[in-house]
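Chain by chain, the residues:
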There are 2 protein chains.
Amino acid sequence: MPASPIRKLVPFAEAAKAKGKKVHHLNIGQPDIETPAVVLDKMRNLDRKVIEYSNSEGFMSYRMGLAKYYKDNGIQLNVEDIMITTGGSEALIFGFQTCLNPGDELIIPEPFYANYNGFAVMSGVKIVPVTATIDDGFALPPVEAFEAMITPKTKGILICNPGNPTGYLYSQAELEKLRDIVLKHDLYLFADEVYREFCYDGAKPFSVMNLAGIDNNVILVDSVSKRYSMCGARIGALISRNKEVMAAALKFGQARLSPPTFGQLASEAALNTPAEYFTAVTAEYVHRRDVLVDGLNAIPGVVCPKPSGAFYCIAELPVDNAERFCQWMLEEFDFNGQTVMMAPAAGFYATPGAGANQVRLAYVLEIAALKNAVECLKVALTVYPGKLEIVSENSANHS
Amino acid sequence: MPASPIRKLVPFAEAAKAKGKKVHHLNIGQPDIETPAVVLDKMRNLDRKVIEYSNSEGFMSYRMGLAKYYKDNGIQLNVEDIMITTGGSEALIFGFQTCLNPGDELIIPEPFYANYNGFAVMSGVKIVPVTATIDDGFALPPVEAFEAMITPKTKGILICNPGNPTGYLYSQAELEKLRDIVLKHDLYLFADEVYREFCYDGAKPFSVMNLAGIDNNVILVDSVSKRYSMCGARIGALISRNKEVMAAALKFGQARLSPPTFGQLASEAALNTPAEYFTAVTAEYVHRRDVLVDGLNAIPGVVCPKPSGAFYCIAELPVDNAERFCQWMLEEFDFNGQTVMMAPAAGFYATPGAGANQVRLAYVLEIAALKNAVECLKVALTVYPGKLEIVSENSANHS
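Residues numbered from 1 in each chain as written. Chains lettered and ligands numbered in written order. Predicted model: local features only at pLDDT ≥ 70, side-chain atom pairs only at ≥ 80, totals over all residues. Heavy atoms only, no water.

Structural notes on the pairing of strand β10 (residues 338-341) of chain A
All names here are of chain A. In β10, alternate side chains face the same way, and those of Gln338 and Val340 on one face and Thr339 and Met341 on the other are all buried. One ladder, built from 4 bridges, connects strand β1 (residues 22-25) with β10; its direction is parallel. Paired with Val23 across the bridge in β10 is Thr339. (Buried < 20%, exposed > 50% of the residue type's maximum accessible area, 1.4 Å probe, protein only. Helix = DSSP H or I, 4+ residues; strand = E, 2+ residues; numbered from the N terminus. Pairing = 2+ DSSP bridges.)

Right, here's the structure in full:
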């Protein structure tokens, strides 16, 4: 299994810190936002004496609570359509193992969340990328690009919406194009919608569960990790109206016995998170996004489409090679004792060479730290030995 | 993936309860013992504001605590030899996926824990059973029986010690025989030692980690589930001194991000469980075992070797077919409004037809309930239409 592109840089970050540098971590998706108080209170008032297994499909009370959550979000589901998993990761693994056979092909618009590679390896599935471009702000590639990659071995398409690592939010029209492809070729449509709550500027997420006519094709993957800033709870969900898929997935669920009990208790409590929590969190992320993305686009030669969702963005940098630059930032550079750790975007592409001068940045730091990070990056790009000549009119095109 | 033998009976148990019958559940391994107070107190004093991911290999403080736990149990390990997993289930899945390739063969003495089948399916591994017999009290089959099953595709042997479903505790001498086979054929030796704390009558468990000369072959699977009666925490460990195995397993760990944070906090607290907790729990299990096993062996025609560990036993019943009998107990029978749910043992054998008149019983109920359950079973065996003629001298041979 390939090493994650972020992890390769970890030793350099550790070395930088050992030298006394302050490293701003824009490389990871661990939010600093506090977990809702209703969750922490629930754990502090734990009223159980035996921490037992739950059902393999999860606690019924939590599944019922989730069905109401989805209804409140405009998605009609029955409890039987919902299976609780150990994080969104397990939901994807179960989805792949249930719907795909070794050797099958799965199309994913790239750049995509690098861990999909690991889940594909575990299931013997071959990922076939369709490239989304920074020039289009990472919009859905044209239907023809998908059609060109479909072979008799193609069994599904996987999207992440809003997207990690791009922050792009697919429109209903884009999703309907996907629906038509899925119907025409009888494919599964896997959708990772774990960033549903993080949509900005009035944008509303459209769920694949509301695409008409493909109930048996759609597999939704969800997670509480980012929604409630409780990545450590390891609670997700596999959701489908396809009864055969759910029955088969449950067998994998039974083999691993049950999802975590503590995490389910916490997640059920999280359903009572007040609306103000999300209002505040969304406002904070919008502020952070604007500081980071506007700051990046103000640096000569940097191009960063402004994302409508999640808390990531991809920026193209005027450098020879983003991985080399990221390593150099940690090893060689500092500005007032500070530097920035970013994720080289090449690791989010399956096509060799793609994204070589792009980085992914997560805006999971406070405003002051983000401003310092942008300042660092700006200075770094003036002194990096592998910087590229800048054609000045490029810089504003995509902001 | 095959359905678990226990689950097939669940609808019948539900129907029996719906009719008002009291069903004594001897079919499952969910202990009724309370989780240690130090664990519940830890959760009630939760001092975190963000429930973050841990490292993929688990919290360092917990791994260090575990290393000390093993040292206290006579097993010398470095922190690097220990990776925290989401239950023992994930440790086995990672172990299989790391060490075995699709098509490889894994020898397991049968009867064995039925979920091993699921983990093998997930990894494309073929389980090859070597049969342990009730006449030998489920001792390790002779070396020749293993040798007869070894082919060029054989890559490992898996044992559970003390054993689920047999309760048999392998001696050091038996384990050394396994070591010799493993060395001779260069196999992995996977050992599931999650019942380590549950050894009775002065018996001491001997860990595969203390077998000399096969450090690179041994993969230990552990779990807090039964030890601290916290199955729902979903925390286990994959342990090996083979550095390549640990490095490869970590990649699977990274793909699923991290084991549960709440469960790790609870498990680290559990390391401080006072010795009296285990003394009391062991005394309780010994009492339960004696009530159940002595009670069973006092029933004409029933044979049940007395286990030295875990909290299961396998009994041979004087019936035409144990699965039919178990279903009949739920559907047709009651004694004073009570009946018993047991796990037909055939599901713990991979050899077709093996164990057809055996059941697995878990002594995870209070003494009074166990006594009622034995009484029920005794009466049921006098009236079951498919009961067998009993040859009287058989009943005492194996108690």
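Once the structure has been displayed, the description carries forward.
Thoughts on the interface of chain B and chain A
The interface is formed by 48 residues belonging to chain B together with 48 residues belonging to chain A. Interface of chain B and chain A: buried area, both sides summed, is about 4,200 Å²; carbon and sulfur atoms make up 59% of it. Taken together, the links from chain B to chain A amount to 0 salt bridges. Counting the contacts that link chain B with chain A gives 20 residue pairs in polar contact (both at pLDDT 80 or more). Counting residues per element, the ones that place at least two in the side of chain B that touches chain A are α2 (37-44), α4 (87-99), α5 (115-123), α8 (243-255) and α9 (261-270) of chain B. (Contact = heavy atoms within 4.5 Å. Buried area = accessible area lost by both parts, 1.4 Å probe. Salt bridge = Lys/Arg side-chain N within 4 Å of Asp/Glu carboxyl O. Polar contact = N/O pair within 3.5 Å; in protein donor to acceptor, adjacent residues only side chain to side chain.)

Thoughts on the nonpolar core
In this structure, A:Tyr116, A:Ile157, A:Leu296, A:Phe325, B:Tyr116, B:Ile157 and B:Phe325 are the most contacted members of the largest nonpolar core, which totals 269 residues. Once residues lying within four places of it in the same chain are set aside, the contact partners of A:Leu296 are A:Val302, A:Cys304, A:Cys313, A:Ala315, A:Leu361, A:Val374 and A:Leu377. (Core = buried A, V, L, I, M, F, W, Y, C linked by side-chain atoms within 4.5 Å.)

Thoughts on the sheet that holds strand β8 (residues 236-239) of chain A
Residue and element names in this part refer to chain A. Across the sheet, 7 strands lie side by side as β2-β8-β7-β6-β5-β3-β4; this open sheet has mixed pairing. For this open sheet the edge positions go to β2 (82-85) and β4 (126-131), each flanked by a neighbour on one side alone. Neighbour-to-neighbour, the strand axes of this sheet turn through a mean angle of 25°, independent of strand direction. Where strand β6 (residues 188-192) lies against strand β7 (residues 218-223), 4 bridges are found, and the strand directions are parallel. Looking at β7, one finds that Phe190 is bridged to Ile219. Helix α8 (residues 243-255) rests against β2, β6, β7 and β8 of the sheet, and its axis sits at about 25° to β2. (Axes fitted to C-alpha atoms, helices over the stretch in contact; angles between N-to-C directions.)

Things to note about helix α3 (residues 60-72) of chain A
For an α-helix, the turn length of 3.6 residues means that residues three or four places apart are oriented alike. Residues and elements named next belong to chain A. If you check α3, its first and last C-alpha atoms are 18 Å apart, about what 13 residues at 1.5 Å a residue would give, namely 18 Å. Those residues of α3 that sit buried are Tyr62, Arg63, Leu66, Ala67, Tyr69 and Tyr70. Seen from one end, α3 has its buried residues packed into an arc of 160°, which puts them on one side. For α3, the exposed residues lying more than 90 degrees away from the buried face are Lys68, Lys71 and Asp72. Buried residues belonging to α3 abut β2, β7, β8 and α9 (261-270). Phi turns positive, to about 80°, at Gly74, one or two residues after α3. (Expected span 1.5 Å × (residues − 1). Arc of directions from axis to C-beta.)

Focus on the confidence of the model for chain A
Confidence in the prediction of chain A, expressed as mean pLDDT, is 94, and 96% of residues score 70 or more. Here residues 394-399 of chain A is modelled with pLDDT under 50, and outside its nearest four sequence neighbours on either side it reaches 13 contacts, counting other chains as well. (pLDDT = per-residue confidence, 0-100.)

Concerning unusual backbone geometry
A:Pro111 follows A:Glu110 through a cis peptide bond whose omega is 5°. Turning to its location among the elements, A:Pro111 is positioned in the loop between β3 (105-110) and α5 (115-123). A positive phi angle, close to 50°, is found at B:Asp186, a residue other than glycine. Within the secondary structure layout, B:Asp186 lies in the loop between α7 (172-185) and β6 (188-192). Positioned with a positive phi, B:Ala310 is a non-glycine residue whose angle comes to about 55°.

Quick notes on the environment of A:Thr279
All names here are of chain A. Relative to the assigned elements, Thr279 resides in helix α10 (residues 275-297). Residue class for Thr279 comes out exposed when judged on its relative accessible area of 55%. Linking Thr279 and Leu183, residues 96 residues apart in sequence, is a C-alpha distance of 37 Å.

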